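Commentary on secondary and tertiary structure
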Amino acid sequence: LQEQNEKLEQARAEAEEAYRQYTDLYDFAPVGYFTLGRDGAVHKANLPGTNLLGVDGTKLVNQQLGVFVAEESLPTFIMFFEKLISGSGREICELKFLNDTDKPLWVRIEATCFEGGEECRAVMTDISERKQVEMALQESEQRFRSMIQEVQTIAVQGYGMDGTTQYWNTASEKLYGY
């Protein structure tokens, strides 16, 4: 009996250590982990996930994840979640979320369903910085194209690596006749 008790005690100690390691990995991961129900309610979330949404973990449980999604991203989220629970495999989307700061919160969600579609596990990553850079680049390109288009006296063309015309301003149209 003593030998069995020692083995059980060792097994318990190993299980506790494994649980501690799992908890550390789960709560100190660089991304948000979420377990969602088929109805979209949050069942579990790690510490980075609750911090990302700016909500206390106890208040997040049983909340619909959709309430955190910005109105402009809601159609994308609904379509993403419907595909996710249909069981077609891993789904990925990028959404704008609501938060209490003046900066928009953009996230990338990768998720898949388990338990016959009754439970979904999702990884949420903050991509706000990347989105800001993308928007700044788009604005810069638009300003550049607008400026080049408005130049009436200098013909400007842009060509792809294969020699096809990618851009042609108004002065080029006048100079070449088309």
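Relevant structure appears above.
Below or above, wherever it landed, is the structure these notes cover. (Residues numbered from 1 in each chain as written. Predicted model: local features only at pLDDT ≥ 70, side-chain atom pairs only at ≥ 80, totals over all residues. Heavy atoms only, no water.)

All right, on to helix H4 (residues 74–85) then. The first and last C-alpha atoms of H4 sit 16 Å apart over 12 residues, in line with the 16 Å expected at 1.5 Å per residue. Each element contacted by the buried residues of H4 is listed here: strand E1 (32–37), strand E3 (91–97), strand E4 (105–114) and strand E5 (119–126). Directly beyond the C-terminal end of H4, a positive phi value near 85° is found at glycine 87. (Helix = DSSP H or I, 4+ residues; strand = E, 2+ residues; numbered from the N terminus. Expected span 1.5 Å × (residues − 1). Contact = heavy atoms within 4.5 Å.)

According to the stated counting rule, one finds 4 aromatic pairs in the structure shown. Ring centres of phenylalanine 77 and phenylalanine 80 lie 6.4 Å apart, and the angle between their planes is 40°; this geometry places the pair in the tilted category. With phenylalanine 77 and phenylalanine 80 both in helix H4, this residue pair falls 3 residues apart, about one helical turn. Assigned by exposure class, phenylalanine 77 and phenylalanine 80 land together as buried. Ring geometry for tryptophan 168 against tyrosine 176: centres 5.3 Å apart, planes inclined by 45°, an arrangement best described as tilted. Tyrosine 176 sits in the partly exposed class, given a relative accessible area of 43%. Taken together, the ring pairs connect Phe77, Phe80 and Phe81 into an aromatic cluster. (Phe/Tyr/Trp six-rings, centres within 6.5 Å; stacked < 30°, edge-to-face > 60°. Buried < 20%, exposed > 50% of the residue type's maximum accessible area, 1.4 Å probe, protein only.)

Purely geometric numbers; function is a separate question.
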